[in-house]
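Take a look at the letters that make up each chain.
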Amino acid sequence: MLGAWRHGAIFAEADAKITAEQFAAKVGARAGPPYVEYQREGIDSSLGNAPNSTHYLRVGKPFNVPWQWRAGRALVRAAETYAATARRANAMNVAHQAALAWIRLAVLQEQVDVHERRAGRSKHALKLHRKRFEEGEVSGTEVSQVELEYVRQVSDLAALRARREEARAELDRLAGDGDFKPAPGDLMRLAASLDPSPLDEAWLAKASEGSILLKTAHLQTEQGRRSADLEQKLAWGRPEIEMEWEHGPSVEGADAFDAFGWRIQLPLPLDRSGRERREESRANLAAVEARERIIKREFAAGVRAAAAAASAAQQRLEAMDTVLAGLPATEHSLAEQFRLGTIHYLVYFDALSRLDDIRLQAIDARRELLEARLRLAVTLYDLSLFPLPEPPLEENP
């Protein structure tokens, strides 16, 4: 996760977009820069001054009236508050993606280990059956069947290894180059380290109060509300003030003169475009408010689903604990019986397949537990649910 924050392009891209939105709000709240204008009239054919030549210099600036200024300041404050929370939500989202990629890689690594042991057992069984065939104890058909089983398992193993390499590439894409690969047993140790406290409705209701997802949605709506308020007040434009200096040259004995004046421009609320801009701002605000309601409903459903998935996965693991502990002894017993020829190869492979299915189910249960707890930790912004680091965020202007 730290690698994804430090080196990942996804985090940098989203953070830059948040900064751009923050500056866009500041730009929209400001009236605009001053301007200078020079005008010259009365130019003769040689590009010189004609007798009636006149020069004008104007300096002006659009400005906000008090209600526009107050609306702009409110928008800037809302944008700054939203940006700070959105950066934290962005960091959690990137951490979520990186953690999911790590979990996927760890799961595939565990599955590869199971299938490697399975292929190794089949290889040993094939070698043993070939010796028995040479001694006339088994038929060639039985050897062929064992060989087919071995080939099938080698094929499955090759496919899993390819998927593992894809998962490694995905993790590298998210987190950059680094030694982030899971070690054997990491998946089990991480699942065992989580607090097994029940995630009941009362706890979820209280934990939801600190959800960064809900905070971000609410602050985004507030920013949209402030933006709509400013757009309502700017529907017909901003006023503008201008100062002018005019210089007239002497003509036929008349003295040259300099004159100063000023101009103020006030927009009139008469054009249809202003009313249409207001309607546009109201529609945009309605969309933002509706989006917040959708997020709240999706949040409530997602939290309940993740809590249920985590509880179910925890129950699955607890139910399999005793069986998993006895698998090595059972596997050794089956191997000895097959070596001594007391069980048929079909019984041997079927029994081992059942043992491996339990191992794979345990891996899948750990995956479900970790993914559900990770989702809850990110959604509720509760770092006690999953080992998430605190994002090292820097305040942007």
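Residues numbered from 1 in each chain as written. Predicted model: local features only at pLDDT ≥ 70, side-chain atom pairs only at ≥ 80, totals over all residues. Heavy atoms only, no water.

So what about the packing of aromatic side chains? Which residues, and what values?
Applying the stated rule across the entire model yields two aromatic pairs. Taking the centre distance of 5.7 Å and the plane angle of 35° together, the rings of Y348 and F349 count as tilted. No difference in accessibility class separates Y348 from F349, as the two residues are buried. Grouping aromatic residues by their ring pairs yields a cluster made of F338, Y348 and F349. Between the NZ or CZ atom of K26 and the centre of the ring of F23, over which it lies, the distance is 5.1 Å. Positioned above the aromatic ring of F338 is the side chain of R132, whose terminal nitrogen or guanidinium carbon lies 5.1 Å from the ring centre. (Phe/Tyr/Trp six-rings, centres within 6.5 Å; stacked < 30°, edge-to-face > 60°. Buried < 20%, exposed > 50% of the residue type's maximum accessible area, 1.4 Å probe, protein only. Lys NZ or Arg CZ within 6 Å of the ring centre and 35° of its normal.)

Which residues make up the nonpolar core, and what values go with them?
Residues I103, L370, L376, L380, F386 and L388 are the most contacted members of the largest nonpolar core, which totals 54 residues. Elements represented by at least two residues in this core include exactly α1 (2–7), α3 (66–134), α4 (140–175), α5 (186–193), α6 (201–207), α8 (272–340) and α9 (345–380). Ranked by residue count, the leading element in this core is α3, at 16 residues. The contacts of L376, once residues within four sequence positions are left out, are L199, L204, V303, A306, A307, Y381 and L385. Counting residues in each nonpolar core, the second largest holds 16 residues, with A125, V138, L334 and I343 among its members. (Core = buried A, V, L, I, M, F, W, Y, C linked by side-chain atoms within 4.5 Å. Helix = DSSP H or I, 4+ residues; strand = E, 2+ residues; numbered from the N terminus. Contact = heavy atoms within 4.5 Å.)

Just give me the short version of the pattern of salt bridges, but keep the residues and values in it.
Per the counting criterion, the structure on display carries 36 salt bridges. Taking the shortest distance from any N to any O, the salt bridge between R58 and E244 comes out at 2.5 Å. Placement of the pair is R58 in strand β2 (residues 49–62) and E244 in strand β3 (residues 240–248), with a sequence separation of 186 residues. For E244, a relative accessible area of 23% gives the class partly exposed. E147 is the salt-bridge partner of R130, the closest N and O atoms lying 3.4 Å from each other. Taken together, the residues span a long stretch of sequence, with R130 in helix α3 and E147 in helix α4 at a distance of 17 residues. A single network of salt bridges, built from pairs that share partners, joins E37, R58, E240, E242, E244 and R263. (Salt bridge = Lys/Arg side-chain N within 4 Å of Asp/Glu carboxyl O.)

Lay out helix α2 (residues 9–29) with the relevant residues and their values.
Over its 21 residues, α2 extends 30 Å from the first C-alpha to the last, a length consistent with the 30 Å expected when each residue adds 1.5 Å. Along α2, the positions that sit buried rather than exposed are F11, D15, I18, T19, Q22, A25, K26 and A29. Each buried residue of α2 sits inside an arc of 110° when the element is viewed along its axis, so together they form one side. Away from its buried face, by an angle of more than 90 degrees, α2 presents the exposed residues A9, K17 and V27. Structurally, α2 contributes buried residues whose contacts are with α1, α3 and α7 (212–233). (Expected span 1.5 Å × (residues − 1). Arc of directions from axis to C-beta.)

Let's hear about the packing of α3 against α7: which residues, and what values?
As a packed pair, α3 and α7 sit with axes 8 Å apart at the nearest point and diverge in direction by 160°. Regarding the angle of α3 to α7, the classification is roughly antiparallel. Crossing of α3 against α7: the hand is left-handed. Looking at the contact of α3 with α7 residue by residue, the class counts come to twelve nonpolar, eight polar and six charged. (Axes fitted to C-alpha atoms, helices over the stretch in contact; angles between N-to-C directions. Parallel < 35°, antiparallel > 145°, perpendicular 65-115°, else oblique. Left-handed = near helix turned anticlockwise from the far one by under 90°. Nonpolar A, V, L, I, M, F, W, Y, C, P; charged D, E, K, R; others polar.)

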